[in-house]
Amino acid sequence: MLQPMSNWFWFTENSQLMLSMGSEWQCTTAYGQKHIVDLPSVKKLFSLRDTESYLSMANYLQSSGANLTDAQLTHTLINATAALQFHKPISPKSWFFDEIDNPGSHHKLARINNIFGSGVVLVLLDEGVLATCMLISNQIQLNENKQLQKFDLVKVAKNRLEPYLAGQCCQLSA
């Protein structure tokens, strides 16, 4: 996993949010102009807040038992940090997912289920009875016409979040 450095910065290229990680590396996030509140028009340093979010989520994911390679972990963390910093607010979409009888404590990693399948999400924001989550599985079908792709955000009621138990699923592959 790449550790944040003082020379990292956010920028925009072709209406897509990017992260420069020094002179050798850059990462295209999953978020473009339609997802972002304000795309940076100039270089925007990777802030202390960004670093804290990145490292906090890294610690959680590494201790959760999620089977992610270093590259997958870094890509997930970059997109999660970008979502926290730049993503437009989203409205709840709980009706797409099954209610869990005994949701328990979901912590930061959870599974969402519906008649089409299931996916694993990372909880980015805990908002009382709701949670804003980022899909870290490859995709999940919402209905016959809609699906969420990896790193898409969804806001759901917490009673839709089933606690993720490491080893239960193999949906975290790239």
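Presented here is a report on the structure given in the accompanying data block.

About the thresholds
Residues numbered from 1 in each chain as written. Predicted model: local features only at pLDDT ≥ 70, side-chain atom pairs only at ≥ 80, totals over all residues. Heavy atoms only, no water. Buried < 20%, exposed > 50% of the residue type's maximum accessible area, 1.4 Å probe, protein only. Helix = DSSP H or I, 4+ residues; strand = E, 2+ residues; numbered from the N terminus. Pairing = 2+ DSSP bridges.

### So, the pairing of strand S5 (residues 109-114)
- Burial runs high along S5: six of the six residues are buried.
- Side-chain alternation along S5 places Leu109, Arg111 and Asn113 on one buried face and Ala110, Ile112 and Asn114 on a second face that is also buried.
- As defined by bridge partners, S5 adjoins strand S6 (residues 117-127) across six bridges and the pair is classed as antiparallel. Bridged to Asn114 within S6 is Gly117.
- Where S5 folds back onto S6 in an antiparallel hairpin, the turn is made up of two residues.
- Judged from the two bridges that link them, S5 and strand S11 (residues 162-163) form a sheet pairing that is antiparallel. Paired with Arg111 across the strands is Glu162, a residue of S11.

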